[in-house]
Amino acid sequence: MTSNSFIAYLGREICNKRLTLGYSQEHLGELAGLHRTYISDVERGQRNATVETLLKIACALNTKPSELLLLAERKYFSDESKS
């Protein structure tokens, strides 16, 4: 179990929520006060968002950081148990 792979799961959950809402990365970035490339890096698991940044992204997605983390955690441990 590595934190880098969990970061990738979290990024995918952020991306899934963004797409469900019909937001572009640019629009999410505007709502969160972040640059589009930052959003892209987070979604691809290339950047480890701080707690403060995760809060900004979650608020822009009309959710809680804990919800994004829980979704990522469920998939992470589900996939890990299949290995």
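For the structure itself, consult the block above.
First, a word on what this report is: a plain description of the structure on this page. Keep in mind it's a predicted model, so treat the numbers as computed, not measured.

### Side note on the side chain of Gln25
- Within the secondary structure, Gln25 is located in helix α2 (residues 25–32).
- Judged by its relative accessible area of 19%, Gln25 falls in the buried class.
- Among the polar contacts made by the side chain of Gln25, one reaches the side chain of Glu43 at a distance of 2.8 Å.

### Things to note about the packing of α2 against helix α4 (residues 51–60)
- For the pair α2 and α4, the least separation of the axes is 8 Å and the interaxial angle reads 115°. With respect to α4, the element α2 is oriented roughly perpendicular. Handedness of the crossing formed by α2 with α4: right-handed. Contacts from Leu28, Leu31 and Ala32 in α2 reach Lys56, Ile57 and Ala60 in α4.

### Description of the side chain of Glu13
- Relative to the helices and strands, Glu13 is located in helix α1 (residues 3–21).
- A relative accessible area of 6% places Glu13 in the buried class.
- Ignoring anything within four residues of it in the chain, the contact list for Glu13 reads Leu68, Leu71, Ala72 and Lys75.

### Regarding the environment of Pro65
- With respect to the secondary-structure elements, Pro65 resides in helix α5 (residues 65–82).
- According to the relative accessible area criterion, Pro65 is partly exposed, its value standing at 22%.
- Along the chain, Pro65 and Ala49 lie 16 residues apart, while their C-alpha atoms are 11 Å from each other.
- Among residues more than four places away in sequence, those in contact with Pro65 are Leu54, Leu55 and Ala58.

Rules of the game
- Every residue gets a number counted from 1 within its own chain, in the order that chain's sequence is written.
- Selection of residues for local features in this predicted model requires a pLDDT of at least 70, selection of side-chain atom pairs for listing and counting requires 80 or more, and totals for whole chains, interfaces and linings are taken over all residues.
- Each side-chain value is worked out from all heavy atoms of the structure, with water and hydrogens disregarded.
- We count a stretch as a helix when DSSP gives it H or I for four or more residues in a row; a strand needs E for two or more, and each element gets its number in order from the N terminus.
- Here the term buried applies to any residue with accessible area under 20% of the maximum for its type, exposed to any over 50%, and partly exposed to those in between, with areas from a 1.4 Å probe on protein chains only.
- In protein, a polar contact means a hydrogen-donor-capable atom and an acceptor-capable atom, both N or O and within 3.5 Å, with residues adjacent in sequence counting only if both atoms are side-chain atoms; elsewhere, any N or O pair within 3.5 Å suffices.
- Orientation is described by lines fitted to C-alpha atoms, with helices fitted over the stretch in contact, and by angles between N-to-C directions that extend from 0 to 180 degrees.
- Note that the term roughly parallel is reserved for angles under 35 degrees, roughly antiparallel for angles over 145, roughly perpendicular for angles of 65 to 115, and oblique for everything else.
- Working rule for handedness: look at the near helix, and if it is turned counterclockwise from the far one by less than a right angle, call the crossing left-handed; if clockwise, right-handed.
- Contact between two residues is taken to exist if any of their heavy atoms lie within 4.5 Å; hydrogens are not considered.

Honestly, that's just the spatial picture; any functional story needs more than this.
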